[in-house]
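As a plain string of letters, each chain reads:
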Amino acid sequence: MVWGCISHDCKLDLVTIRGNLTGDQYMRHVLEPVVVTHFDNHPLATRPVYMDDNARPHRSRAVVDYLQNNAVTTLPWPAMSSDLNPLEHVWDILGRRIQALQPPVQTLRELEAALHREWLQVTREQIRRLTGGMRRRVDAVIRARGGFTLY
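Residues numbered from 1 in each chain as written. Predicted model: local features only at pLDDT ≥ 70, side-chain atom pairs only at ≥ 80, totals over all residues. Heavy atoms only, no water.

Identification of the chain as Tc1-like transposase DDE domain-containing protein from Littorina saxatilis is taken from an unreviewed UniProt entry.

Okay, here's the thing in structure tokens:
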């Protein structure tokens, strides 16, 4: 499992977890060491709003309670809405880079290392282009009445 987080101004550390993600793992390996720590030290006057993709581990009662207890405001997010999530395009960038590696990765360990290397190479400018295009994405989804878009 690979987890990453972006905003218009930053990119948090990439987290990889072997096997299937559980709510407990999500709290121990992602929320506590990465998200809450970042939010607690964020330079904005107000805490950022957190968005996830509604995966089952993100919705466990323990995770919801943990986020509330740590003053993490979450953005309500519709299921099946990858058109709107700029992080999906970052995953596409990473996937293309990994596929282009020569020699190709051969093991899970090589894949994990390559993902971390390539994540570090995703630039602020690339992320800003993606997050800056949100208005166009939202407008396209509205025009499509929630259906397929080119994003």
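Okay, back to it.
Novice: How should the packing of helix 1 (residues 23–40) against helix 2 (residues 61–69) be read in this particular structure?
Specialist: The relative placement of two packed helices is expressed as an angle between their axes plus a distance between the axes. Interaxial distance between helix 1 and helix 2 falls to 9 Å at its minimum, and their mutual angle equals 20°. Taken together, the axis directions place helix 1 and helix 2 in an arrangement best described as roughly parallel. As for how helix 1 packs across helix 2, the hand of that crossing is right-handed. Counted together, Gly23, Tyr26, Met27, Leu31, Glu32 and Val36 of helix 1 and Ala62, Val63, Tyr66 and Leu67 of helix 2 form the full contact between these two elements. Classifying every residue of the contact of helix 1 with helix 2 by side-chain character gives 8 nonpolar, 1 polar and 1 charged. (Axes fitted to C-alpha atoms, helices over the stretch in contact; angles between N-to-C directions. Helix = DSSP H or I, 4+ residues; strand = E, 2+ residues; numbered from the N terminus. Parallel < 35°, antiparallel > 145°, perpendicular 65-115°, else oblique. Left-handed = near helix turned anticlockwise from the far one by under 90°. Contact = heavy atoms within 4.5 Å. Nonpolar A, V, L, I, M, F, W, Y, C, P; charged D, E, K, R; others polar.)

Novice: Sorry, what's going on with the packing of aromatic side chains here?
Specialist: In this description, an aromatic ring pair is defined by two values, namely the gap between the centres and the angle between the planes. Counting across every chain of the model gives 2 aromatic pairs. Measuring from ring centre to ring centre gives 6.2 Å for phenylalanine 39 and tyrosine 50, while their planes differ by 75°; the resulting arrangement is edge-to-face. Of this pair, phenylalanine 39 sits in helix 1 while tyrosine 50 sits in strand 3 (residues 49–50), and the two are 11 residues apart along the sequence. The class of tyrosine 50 is buried, set by a relative accessible area of 3%. In this structure, lysine 11 packs its charged tip against the face of tryptophan 119, placed 5.7 Å from the ring centre. (Phe/Tyr/Trp six-rings, centres within 6.5 Å; stacked < 30°, edge-to-face > 60°. Buried < 20%, exposed > 50% of the residue type's maximum accessible area, 1.4 Å probe, protein only. Lys NZ or Arg CZ within 6 Å of the ring centre and 35° of its normal.)

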